[in-house]
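Architecture and fold: a report
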Amino acid sequence: MRKYNLKTSRFSGFYNLTLDERREQLVTHSHLSPEDLLPFNTGGLSSSDADHMIENVIGIHSLPLGVALNFQINEKDVLVPFAIEEPSVVAGASFMAKLVRTGGGFQAKASAPEMIGQMQVLDLENLDAAIGIINQHSPELLAEADEVDPILKKFGGGARELQVRIIEESPIGAFLVVHLIYDVRDAMGANAVNTACETLAPRIEALTGGRVHLRILSNLADRRLARANCMIPVDELAFEKYTGEQVRDGILEAYAFAAADPYRAATHNKGIMNGVDAVVIATGNDWRAIEAGAHAYAARSGKYTSLSTWEADSDGNLVGKLEMPMAVGIVGGATKVHPAAQAAIKLMDIKSASELAEIIVSVGLAQNLAAIRALATEGIQRGHMSLHARQVAIAAGAEGDLIEKVAAQMVSEKVVRIDRAEKIIKSM
Ligand code: MEV
């Protein structure tokens, strides 16, 4: 039974609590019960669950699951689950979400959940005539595709549109591509779209006299976009020796680099994906699909560039925007069968794939800000090193309290290496 919605995603001192204390905090302050958190104890998946998911299973691979704090998205506080092995990511997102709160939080919006299925039509004598025939029969083709998934249809999804275009130049010459636009509601949608394309293919062959070769969804899901924006008052950007204006201008210069140079844009976008993938993985979604869509979208102008934009508004405040394809679902696939993914969705208290997409794109923007703010000021290594040092200490054999002690000493010496960690452990 639902207790109550999360009142705040701000938990002070969360970082310094023990793992059990953090879980207690979640139960005290959110709608989660202790039972809801049980899947996180074990990674959620049993060997027999895993055995049904893929082939040749011999075990389970785990990742740390953290929770990013301080997020306020569309005026709602939300705790965001991150499954990720990289230190600094959860802390960076949480810190930036705190800054963004001072400017009213994130505003995010997902478009209709429309996926694109592609059918490659070959061996046509007259491509223009085939386009005419397909357009003419579009209503009946759409009606047929609509029947493919009665559940989606029941929830208001289904086939929306057929688009036909000619690929003029290719290694095999010109051919036709038919796009089936399909509203997949709260699903990721790959199965429904692929089935619909396979169902339509024989009809398209019969109508056009051509041969439908590939029938598969496109990961460039540019009809299923998620957008987030945020504003940070310039004064809130000040820290240590840096004024707010200096930090803002440094961020704008960093953005200009990514906007202009693909070598930098790839790394800039990787920073966005640090946050995006962490939530996508935590919720059992297909992160390869999200990665493919993101980078193809970043290159949509013909030149690979930054997925985000950063500018100053007329008051001198920092304004960030991120728009990217976001083909994620909350029903079906691993999301449904993975108990930790179910728990992650419950933690966010979301009811639709659109809400999940809006959270993920906001996280991507926060993560981007964390990286470029650090790069534009003190550099990435300082914050990164103290967390990295903990991993090195663990790798060197430190346990319990020793982990923090060994890490702190390495950071103070500015030597974060496994051989040094081993020596410190011996000396302690
Ligand atoms: C590291 O995982 C991500 C960054 O390289 C992103 C960036 O450079 O913007 C720090």
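Residues numbered from 1 in each chain as written. Predicted model: local features only at pLDDT ≥ 70, side-chain atom pairs only at ≥ 80, totals over all residues. Heavy atoms only, no water.

Next up on the list: the pattern of salt bridges. Side chains that differ in sign of charge can pair as their charged atoms come close. Considering all chains together, one arrives at 21 salt bridges under this definition. Across the salt bridge formed by E161 and R223, the nearest N and O atoms sit 3.2 Å from each other. In this pair, E161 sits in strand β5 (residues 158–167) while R223 sits in the loop between β7 (211–217) and β8 (225–232), placing the two residues 62 residues apart along the sequence. Judged by its relative accessible area of 30%, E161 falls in the partly exposed class. The class for R223 is partly exposed, based on a relative accessible area of 26%. Several salt bridges share partner residues, and in doing so they unite E114, E161 and R223 into one network. (Salt bridge = Lys/Arg side-chain N within 4 Å of Asp/Glu carboxyl O. Helix = DSSP H or I, 4+ residues; strand = E, 2+ residues; numbered from the N terminus. Buried < 20%, exposed > 50% of the residue type's maximum accessible area, 1.4 Å probe, protein only.)

Our next topic: the site of the ligand. Taken together, E86, R264, T267, H268, K270, G271, N274, A371, L375 and I380 make up all the residues around the ligand. Interatomic distance of 2.7 Å between a side-chain N/O atom of E86 and an oxygen atom of the ligand. A distance of 2.7 Å is found between an oxygen atom of the ligand and a side-chain nitrogen or oxygen belonging to K270. The fraction of the free accessible surface of the ligand (300 Å²) that becomes covered by protein chains is 83%. Secondary structure elements with two or more residues in the shell around the ligand: α10 (262–282) and α14 (353–375). Here the shell around the ligand takes six residues from α10, the largest share from any one element. Class assignment of the residues belonging to the shell around the ligand gives a composition of three nonpolar, four polar and three charged. (Near = heavy atom within 4 Å. Polar contact = N/O pair within 3.5 Å; in protein donor to acceptor, adjacent residues only side chain to side chain. Areas by Shrake-Rupley, 256 points an atom, 1.4 Å probe, with all protein chains shown as cover. Nonpolar A, V, L, I, M, F, W, Y, C, P; charged D, E, K, R; others polar.)

Whenever strands of a sheet pair, they do so through backbone hydrogen bonds, lying parallel or antiparallel. The four strands are arranged β5-β6-β4-β7 in an open sheet whose pairing can be described as antiparallel. Two strands close off the open sheet at either side, each with one partner strand: β5 and β7. Here the average twist between neighbouring strands, direction ignored, is 20°. Across eight bridges, strand β4 (residues 114–122) lies against strand β6 (residues 175–183) in antiparallel orientation. Within β6, the position partnered with G117 by the bridge is L180. The strands touched by helix α5 (residues 127–136) are β5 and β6; relative to β5, the strand with the most contacts, the crossing angle is about 170°. The strands touched by helix α8 (residues 190–208) are β4, β5, β6 and β7; relative to β7, the strand with the most contacts, the crossing angle is about 165°. (Pairing = 2+ DSSP bridges. Axes fitted to C-alpha atoms, helices over the stretch in contact; angles between N-to-C directions. Contact = heavy atoms within 4.5 Å.)

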